[in-house]
Amino acid sequence: MEWRKYTALRTAAIFAGAVLLCLFAPSAIRSFVSSGFDEFRAPMDSIPSHLADLQKYWSLHSNSKRDLIEAGRDLARLNAAYELKLLENESLRRRLEGLERIMNIPSDQKFRYEVARVARRDVNAWWQRMVIRKGSVHGIREGCAVVCASGVVGRIASAGTRTSVVELVSSRRFRMAARFAGDDRPVIYYGRGGVSMHAAEGEVFDVPADMEPTLKKPATLVTSSLAGTFPDGIEIGKVRSLSLGADGIFKSGTVELSPRLDSLAEVAVLVPVSEDSK
Amino acid sequence: MRRARYSPAIVFFSVNVAYLHILATVNSALSPYAALILPCVFIIGPSLFLRGWQAALVVGVSALLWEASTPVRPALACALWLAAAFCVRAVRFRFRPLDGFSVCALAQVVNIALIFAYFALFPNGCADFGDYVLRVFADSLLSAAVLIFAARFAILAPLSILKFAGVELKIEEDF
Amino acid sequence: MEKNGQYSNWNPRISVFYAVFAAAFLFLMGSLAYRQIYLYDYYSARGERQSMRRIIEPGARGDIYDRNMKLLVANEPRFSAVVYFNEIRREFRKEYMRLKKIELEKREASGDDSRINYSEISSRARANVLNGYVDQINSILGSDYKLTSADYNRHFENQRLLPFPIIRDLKGREHAILAERLPVDSPIQIYTDTARYYPYGDSAAHLLGYVGSNFDEINTEGMPGDDLQTFFFVGKIGRSGLEKAFDSKLQGASGAKIWVVDLDGYQYDNIVDVRPKKGSDVVASIDIDLQQAVEDAFGERKGAAVALDVKTGEVLAMVSRPSYDPNLFSPYMTYKVSNEITRRGAWLNRATQGLYPPGSPYKLMTAVAGLMTGVIDENTVKTCEGGIKVGTRIFPCNKRSGHGNVNLEDAIAHSCNVYFYETALEAGIEALSSTAKDFGLDSRTGIELKEDYSRRTVVSDPAYKKKYRPYDGPWTGGDTANASIGQGYQLQTPLQMACMTASLARGETRTRPSIIHDPSRVCGPAYHGGEKLGMKPEHYKAVIDGMKAAVERGTARRVAIEGVSIAAKSGTAQVPVRGEKLTLAWMVAFAPVENPQIAVAVVVEGEEEGDAAGGRTAGPIARTALKKFFDSSVAPRVAENPGESGG
């Protein structure tokens with residue numbers, strides 16, 4: 001049975017070689033292979049997502065005309081309200097630009113909103129990420145802010161050609177400068193990471209000792225534009241209580257994130273206009 | 001029944017890709033509360049039925065696809081899956097009967113072992129160590145429960161597909 | 001040797017060597033057993049101690065509030081980008097190996113046999129790694145920070161366990177950018193420290209004081225790990241003012257961390273963690289609104305002003321101009337800032353340490369001395385013809401044409417010099433100086449702030465002149481005349497004059513000022529350390545009426561506030577400065593007369609001859625203080641905490 005030993009050795013060599021290659025190949029090669037497979041996998045995420053959209057479309061097809069008419073009417077009403085808001089925003093924006101010119105104040109960073117569908121969510125004990133259906137061809141770059149109607153979603157961790165990976169705001173690897181609504185003093189927000197059977201949360205640190213939110217009157221944590229990644233004032237979450245550190249200077253506390261983060265179907269990536277025009 | 005040379009590997013790989021999609025969809029729905037961690041379904045089938053290099057290729061590529069867009073060290077999961085695959089290959093003859101209990105037991109052992117490896121090697125993504133243990137424990141419990149019902153079907157599904165295509169696969173020696 | 005005809009290898013002398021070796025071996029085994037077994041605990045503990053290090057971190061200082069709990073001094077966060085050498089030691093090692101390899105190859109190529117300087121390679125490796133991190137930060141921030149080799153080598157040699165600051169004192173924007181763009185698990189961490197912050201800038205700077213780095217070792221009594229090698233974070237210590245006076249209360253409790261370190265001295269396990277605690281807060285007696293109002297009234301002028309709560313002696317405002325902004329000393333004082341303050345003469349707290357001839361307000365002491373010795377009473381009239389001759393010299397009145405016949409009330413109201421010259425000459429210098437000393441004008445007030453003087457406060461009398469001015473000759477009538485109007489050798493601080501005014505308002509001799517607000521303070525003559533004036537009521541009334549008349553129709557008219565009865569005394573003292581005679585504008589006042597609550601003393605330094613006069617220059621400042629006090633926002637808060645009246 002020599003051939004048995006030979007084949008066993010051969011198999012062992014194949015596996016051992018593969019394992020050693022995986023572990024000890026230069027990091028550049030490993031990263032290159034990883035990003036290559038990322039692109040290879042991307043259609044596997046976005047095609048099912050497109051199919052899900054298609055399925056939803058056909059399921060809506062089965063709705064009665066009456067349902068569709070009512071839905072259409074509601075949508076029209078909503079659209080009209082949003083259009084008014086857009087007009088209002090546009091006039092406010094022009095006014096702000098004028099004031100900035102008169103007072104010689106440098107403008108805040110401008111952003112372009114790139115709306116993207118969520119292909120999949122990947123949340124477990126080790127990471128908290130989501131994959132969206134837009135990538136570098138749409139101007140998305142690593143580090144771009146990602147928001148939704150209820151507030152901050154996260155930041156682009158890596159941007160493929162047509163898909164991007166978003167590091168969620170609840171991820172332990174997520175950190176950002178923030179402030180409380182109505183207060184200019186900077187604080188630091190950290191994602192808290194995954195907790196089983198529990199909605200996502202974050203933590204806020206370096207809070208001045210005079211902040212005193214309560215259960216009934218929580219303080220709203222919003223983004224700070226200091227770092228230039230996020231525009232100012234986008235909601236991150238709510239803080240209901242803070243505890244003073246032993247040093248007696250700063251407080252810290254838990255941030256309740258929006259429950260809508262768990263069921264997002266669509267997000268907006270904020271692409272800086274200056275980068276975009278390069 | 002004829003034995004094809006490469007079609008089993010292609011079928012196993014295609015089934016693995018399908019499982020990737022199914023697991024991603026289920027985990028998207030379950031997040032953020034729980035997650036299914038089922039690396040064994042990608043490993044056991046190829047390791048039992050394919051030739052050495054084919055099994056290594058299918059498991060390796062499946063691993064690279066799974067760990068794409070994850071923040072772990074590139075190819076680390078691939079190394080773990082390949083090691084597990086080698087171990088399964090080494091004991092594959094014990095599972096020749098392919099009865100439900102033994103396949104399920106194998107799946108559970110491989111799955112738990114890999115989850116322990118992830119626990120030890122992957123960076124902690126939870127608030128603190130207690131939360132980390134709790135989360136991994138809960139996810140492993142859920143995964144083990146799912147495996148009780150789905151392990152045999154998931155691992156032997158490619159065999160059924162190949163049988164339908166006229167290819168009979170058994171647990172055999174390498175040649 | 002031969003024994004019984006047979007040769008034997010055995011030599012009895014060898015047994016000696018056997019015995020010696022056996023003894024030595026037994027001794028060694030015994031020593032080993034002794035050390036390994038008997039002294040096991042001792043060496044084990046010693047080994048542990050060698051492998052442990054302690055880090056002491058001082059606690060944050062307490063806050064300082066004004067009497068209305070407005071924050072005067074606080075701690076604000078200061079952010080630095082730091083690395084722990086422990087976390088980048090692998091990179092040090094890797095770079096060291098690379099540089100060593102290059103060096104060896106270079107030497108091999110050039111045939112250089114000289115000894116390699118490994119410590120220099122080690123130092124370069126550290127520099128390369130740390131500069132790599134600096135470059136990373138610079139690329140993120142778009143900045144141009146640099147590190148010097150002295151910084152990190154010194155830190156590596158002496159403070160390896162402490163975080164090494166790559167970039168100190170990050171601005172808000174830089175902190176935000178690094179927090180977002182640096183990976184969470186990056187070796188570069190944001191370290192949060194605190195620095196003193198003075199939200200009101202240069203307001204009450206001399207009273208509040210400032211802090212500096214404390215390079216002395218922190219008291220570690222009661223902390224774990226006393227026998228371990230210890231590293232200290234640099235703390236802060238009060239250098240002046242309230243920060244210094246109450247340093248022990250403001251200082252926080254230090255924290256201690258004990259780390260297990262490896263052979264190279266890098267920490268790898270934290271086994272004890274006692275967190276530092278913030279110090280206690282202090283509530284100062286000043287009202288910051290009143291303080292700022294008086295400071296604004298001063299404008300660019302030099303001088304000082306003190307406002308006291310008449311009953312409790314608490315300092316409501318303490319102004320010294322020019323001043324400085326203690327925020328410029330955070331995180332540390334630079335030579336440039338220090339020199340600028342020195343150039344402007346702003347270090348001196350003129351309120352407690354500025355020595356000035358008191359001028360005409362001192363006439364109140366002359367009046368009290370005259371009344372108590374009986375040389376004058378409330379009806380005594382003297383004739384002022386514009387001056388009197390004392391000895392060979394004419395001592396003029398401030399009205400050259402003379403005030404005519406004046407009684408005590410008019411003399412105080414119009415500040416007639418002649419009246420007080422004659423009163424002092426009649427009463428005698430001993431009575432005058434004794435009265436002034438009773439009012440504490442030659443001694444420290446007892447306030448918690450520094451009152452050390454480069455010269456001393458002076459209530460002049462013959463003993464003083466004999467001791468300190470022997471070359472000026474014996475005491476003369478002219479000296480008495482000068483003393484009677486607060487000139488000559490007289491030197492007082494604005495705080496002493498404010499205390500004198502408050503004491504007079506209460507009808508007592510002493511006032512004990514305090515910069516700490518204590519609503520439970522029980523005040524009376526015993527608390528203030530004085531006694532009742534012991535004047536006849538009509539005499540006391542005459543003095544007070546004189547001060548009232550000064551406001552109504554005399555030299556202190558500019559202090560008048562409608563609806564408030566104020567008693568005041570103005571003064572214009574002259575002082576020779578660099579050959580020029582400069583004037584000092586004085587105003588002392590208290591109000592309301594029927595139930596005194598606030599006493600004020602203001603002195604303004606003239607910068608040219610004749611540009612400062614008591615009523616014209618100091619009067620409006622005193623009026624501002626009194627008016628602000630009697631605003632509804634200020635007066636009721638003092639009235640709520642009156643203490644026990646002693647007047």
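As the structure is a prediction and not an experimental result, all values here were calculated from the model.

### Details of the overall build of chain C
- Within chain C one finds 23 helices and 22 strands.
- What you see for chain C is a C-alpha radius of gyration of 37 Å, clearly larger than the 26 Å of a compact globule of 647 residues, by over 25%.
- The dimensions of chain C, computed from C-alpha atoms along their principal axes, are 145 × 75 × 50 Å.
- Taken across its 647 residues, chain C has 45% of its residues classed as buried.
- Pairs at least 24 apart in sequence give 74% of the contacts found in chain C among residues at least 6 apart.

### With respect to the interface of chain A and chain C
- In this complex, chain A contributes 19 residues to the contact, which on the side of chain C involves 19 residues.
- Looking at which element gives the most residues to the side of chain A that touches chain C, the answer is strand 6 (residues 175-180) of chain A, with three residues.
- Across the side of chain A that touches chain C, the residue classes tally to nine nonpolar, five polar and five charged.

### What to know about unusual backbone geometry
Residues and elements named next belong to chain C.
- Pro322 follows Arg321 through a cis peptide bond whose omega is 5°.
- Backbone torsion omega between Ala591 and Pro592 reads -15°, so that peptide bond is classified as cis.
- Among the structural elements, Pro592 can be located in the loop between strand 21 (580-591) and strand 22 (598-605).
- Of note in this structure, Asp169 is not a glycine but carries a positive phi near 55°.
- Mapped onto the elements of the fold, Asp169 is located in strand 6 (residues 164-170).
- The backbone of Ala204 sits at a positive phi, close to 55°, despite the residue not being glycine.
- Position of Ala204 relative to the elements: it lies in the loop between strand 7 (188-197) and helix 7 (205-208).
- Look at Ala204 and you get buried, because 30 C-beta atoms sit within 10 Å.

### Side note on the interface of chain A and chain B
- With 47 residues of chain A at the contact, the number on the chain B side is 48 residues.
- Examining the composition of the side of chain A that touches chain B, we find that 11 residues originate from one element, helix 2 (residues 27-61) of chain A, more than from any other.

### Focus on the sheet that holds strand 21 of chain C
All names here are of chain C.
- Here we have five strands laid out as an open sheet, ordered 15-14-22-21-20, and antiparallel in their pairing. Of all strands in the sheet, those bounded by a partner on one side alone are strand 15 (315-321) and strand 20 (567-577). For this sheet, the mean inter-axis angle between neighbouring strands, taken without regard to orientation, is 10°.
- Relative to strand 22, strand 14 (residues 302-309) runs antiparallel, the two being bridged by eight bridges. Within strand 22, the residue paired with Gly303 across the bridge is Val604.
- Taken strand by strand, helix 10 (residues 288-298) contacts strand 14 and strand 15, and its axis lies near 30° from that of strand 15.

### What to know about the pairing of strand 18 (residues 393-396) of chain C
Residue and element names in this part refer to chain C.
- Pairing analysis gives four bridges linking strand 17 (residues 387-390) to strand 18, with the strands arranged antiparallel. Following the sheet pairing, Ile388 is matched in strand 18 by Phe395.
- Between strand 17 and strand 18, which pair antiparallel and follow one another directly, the connecting turn spans two residues, one of which, Gly391, has a positive phi of 70°.

### Some remarks on helix 1 (residues 12-38) of chain C
- Its 27 residues give helix 1 of chain C an end-to-end C-alpha distance of 37 Å, which sits within 8% of 39 Å, the value for a rise of 1.5 Å per residue.
- Within helix 1 of chain C, only zero of the 27 residues are buried, which leaves it mostly out in the open.

### Side note on helix 10 of chain C
All names here are of chain C.
- Most of helix 10 is tucked away, with eight of its 11 residues classed as buried.
- Residues Ile288, Leu290, Gln291, Ala293, Val294, Glu295, Ala297 and Phe298 constitute the buried set of helix 10.
- Two residues or fewer after helix 10 comes Gly299, characterised by a positive phi angle close to 65°.

### Quick word on the packing of helix 3 (residues 52-67) of chain B against helix 4 (residues 76-90) of chain B
Residues and elements named next belong to chain B.
- Interaxial distance between helix 3 and helix 4 falls to 8 Å at its minimum, and their mutual angle equals 150°. Between helix 3 and helix 4 lies a crossing of right-handed hand. Touching Ala55, Ala56, Val59, Gly60, Ala63, Leu64, Trp66 and Glu67 of helix 3 are Ala77, Cys78, Trp81, Leu82, Ala85 and Arg89, all from helix 4.
- For the contact of helix 3 with helix 4, the residue count by class is 11 nonpolar, one polar and two charged.

### Thoughts on the confidence of the model for chain C
- Per-residue confidence for chain C gives a mean pLDDT of 87; residues scoring 70 or more make up 93%.
- For this predicted complex, the interface score ipTM comes out at 0.83, alongside a pTM of 0.74.

### Considerations on the domain arrangement of chain C
- The domain architecture assigned to chain C consists of domain 1 (2-38), domain 2 (54-283) and domain 3 (288-327 + 347-640).
- Here the C-alpha centroids of domain 1 of chain C and domain 3 of chain C sit 101 Å apart.

### So, the packing of helix 5 (residues 100-121) of chain B against helix 6 (residues 129-164) of chain B
All names here are of chain B.
- Two elements in contact, helix 5 and helix 6, have axes separated by 9 Å at closest approach and are oriented at 145°. Our pair here, helix 5 against helix 6, has a crossing hand that is right-handed. Note on element contacts: helix 6 touches helix 5 through Val136, Ser140, Ser143, Ala144, Leu147, Ile148, Ala151, Arg152 and Ile155, opposite Gly100, Val103, Cys104, Ala107, Gln108, Asn111, Ile112, Ile115 and Phe119.
- For the contact of helix 5 with helix 6, a count of residues per class yields 12 nonpolar, five polar and one charged.

### Some remarks on the confidence of the model for chain A
- On average, residues of chain A score 86 in pLDDT, and 96% of them are at 70 or above.
- Per-element confidence in chain A ranges from a low mean pLDDT of 63 for helix 4 (residues 273-276) of chain A to a high of 95 for strand 9 (residues 219-223) of chain A.

### Thoughts on the domain arrangement of chain A
Residue and element names in this part refer to chain A.
- When the domains of chain A are assigned, the result is domain 1 (2-49), domain 2 (63-107) and domain 3 (113-278).
- Each side of the interface is counted separately: domain 1 has six residues, and domain 3 has nine residues.
- Residue classes in the side of domain 1 that touches domain 3 are distributed as one nonpolar, two polar and three charged.

### Quick notes on the nonpolar core
- Membership of the largest hydrophobic core comes to 119 residues, with the highest contact counts inside it found for Ala305, Ala568, Ala589, Val600 and Ala625 of chain C.
- Two domains each provide a minimum of three residues to this core, namely domain 2 (54-283) and domain 3 (288-327 + 347-640) of chain C.
- Ranked by size, the runner-up nonpolar core spans 73 residues in total, among them Val153, Leu168, Phe180 and Leu257 of chain A.

### Topic: the sheet that holds strand 12 (residues 266-272) of chain A
All names here are of chain A.
- Pairing is antiparallel around the closed barrel formed by six strands, whose spatial order is 1-2-5-4-3-12. Across this sheet, the average inter-strand angle for adjacent strands is 45°, counted without regard to direction.
- One ladder, built from five bridges, connects strand 4 (residues 151-159) with strand 5 (residues 164-168); its direction is antiparallel. Each bridged residue has a counterpart across the sheet, and for Gly154 the counterpart in strand 5 is Leu168.
- With respect to the sheet, helix 2 is in contact with strand 1 (111-123) and strand 2 (128-132), its orientation differing from that of strand 1 by roughly 100°.

### Section: the environment of Lys70 of chain C
Residue and element names in this part refer to chain C.
- Mapped onto the elements of the fold, Lys70 is located in the loop between strand 4 (64-65) and strand 5 (71-83).
- On the basis of neighbour count, Lys70 is assigned to the partly exposed category, with 14 C-beta atoms found within 10 Å.
- On a C-alpha basis, the gap between Lys70 and Ala284 in space is 9.9 Å, while along the polypeptide they are 214 residues apart.
- Leaving out residues up to four positions away in the same chain, Lys70 has contacts with Tyr65 and Ile288.

### Regarding the pairing of strand 21 of chain C
All names here are of chain C.
- The buried count for strand 21 comes to nine of 12 residues, which makes it a mostly enclosed element.
- Examined bridge by bridge, strand 20 and strand 21 share 11 bridges and lie antiparallel to one another. Counted as the bridge partner of Val575 is Leu582 from strand 21.
- Direction of pairing for strand 21 relative to strand 22: antiparallel, over a ladder of eight bridges. In the strand pairing of strand 22, Val588 is matched with Ala601.
- Connecting strand 21 to the antiparallel partner strand 22 that follows it, the hairpin turn spans six residues.

The rules behind the values
Residues numbered from 1 in each chain as written. Chains lettered and ligands numbered in written order. Predicted model: local features only at pLDDT ≥ 70, side-chain atom pairs only at ≥ 80, totals over all residues. Helix = DSSP H or I, 4+ residues; strand = E, 2+ residues; numbered from the N terminus. Rg over C-alpha atoms; globule rule 2.2 N^0.38 Å. Buried ≥ 20, exposed ≤ 12 C-beta atoms within 10 Å, placed from the backbone. Contact = placed C-beta atoms within 7 Å. Nonpolar A, V, L, I, M, F, W, Y, C, P; charged D, E, K, R; others polar. Pairing = 2+ DSSP bridges. Axes fitted to C-alpha atoms, helices over the stretch in contact; angles between N-to-C directions. Expected span 1.5 Å × (residues − 1). Left-handed = near helix turned anticlockwise from the far one by under 90°. pLDDT = per-residue confidence, 0-100. Domains from an automatic or database assignment. Core = buried A, V, L, I, M, F, W, Y, C linked by C-beta atoms within 7 Å.

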